[in-house]
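# Structural description and commentary
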Amino acid sequence: MRTFYIFNIKKHFKILTLNNPLLLYKTLEDISKSNKYNIDNNMIIFNQIRKDLNKEFLNNETYNYYKNETNYMLNNNIHSINNYLDKENTRLLINKSYMVIRTNIETPTFINYLKKYDNLFACDFDNKDYFWLSKI
């Protein structure tokens with residue numbers, strides 16, 4: 001099972017890290033592993049490098065794109081793809097600060113769909129994987 005965290009990165013940070021995203025990944029990884037003693041400083045850094053997502057817009061756009069697919073379902077703001085032919089079981093949750101994709105495959109359907117939006121950066125902290133969605 002893979003878990004991708006997807007962040008909307010501010011444009012100037014994208015320009016700085018587009019061809020070498022390791023520093024951005026390491027920063028986000030440090031923030032994700034922070035403890036209660038340095039959470040305030042990490043939240044300041046987090047808010048400096050990312051922009052809020054338009055949660056309502058993305059939920060509506062995603063729903064409208066997939067609503068006629070037989071393997072798609074929306075329940076309590078969790079978008080799901082259960083494709084038995086491709087053996088894909090994927091969930092997408094859109095928050096204001098980031099999105100989370102939990103999947104059983106390497107490149108889930110939602111990743112390919114979301115790559116049309118600029119400045120999205122994906123991290124799989126457990127597998128040390130990171131990439132710009134636009135570069136897929």
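Residues numbered from 1 in each chain as written. Predicted model: local features only at pLDDT ≥ 70, side-chain atom pairs only at ≥ 80, totals over all residues. Heavy atoms only, no water.

## Comments concerning the nonpolar core
Put simply, the test is: Within this scheme, the nonpolar core is defined by two criteria: the residues are buried Ala, Val, Leu, Ile, Met, Phe, Trp, Tyr or Cys, and they are joined through side-chain atoms within 4.5 Å. Think of it in three bands: with a 1.4 Å probe and only protein chains considered, a residue is buried below 20% of the maximum accessible area for its type, exposed above 50%, and partly exposed in between. Strands here mean DSSP runs of E at least two residues long; helices mean DSSP runs of H or I at least four residues long; both are numbered from the N terminus. The contact criterion used throughout is that any non-hydrogen atoms of two residues lie within 4.5 Å.
Formed by 20 residues in total, the largest nonpolar core has its most connected members in Ile6, Met99, Ile101, Leu114, Leu120 and Leu133. Taken together, the elements giving at least two residues each to this core come down to β1 (2–8), α4 (55–66), β4 (88–94), β5 (99–103), α5 (109–114) and β6 (120–124). A per-element tally of this core places α5 first, with 4 residues. The contact partners of methionine 99, leaving out residues within four places of it in the chain, are Phe4, Tyr5, Ile6, Leu53, Leu58, Leu92, Leu93, Ile94, Leu114 and Leu120. In terms of nonpolar packing, the next biggest core, distinct from the first, is built from 12 residues, Ile9, Ile31, Phe46 and Phe121 among them.

## So, the environment of tryptophan 132
Relative to the helices and strands, tryptophan 132 resides in strand β7 (residues 129–132). The class for tryptophan 132 is buried, based on a relative accessible area of 2%. Distance in space between the C-alpha atoms of tryptophan 132 and leucine 18 is 7.5 Å, their sequence separation being 114 residues. Those residues within four positions of tryptophan 132 in sequence are excluded, and the remaining contacts are Ile9, Lys14, Thr17, Leu18, Pro21, Leu24, Asn119, Leu120 and Phe121.

## Considering helix α3 (residues 39–49)
Note the threshold: Read the arc as the range of directions from the helix axis to the C-beta atoms.
All of the buried residues along α3 are Asn42, Phe46 and Ile49. Taken end-on, α3 shows its buried residues confined to a sector of 70°, consistent with a single buried face. For α3, the exposed residues lying more than 90 degrees away from the buried face are Asp40 and Asn41. Those residues of α3 that are buried lie in contact with β1, α1 (11–17) and α2 (22–32).

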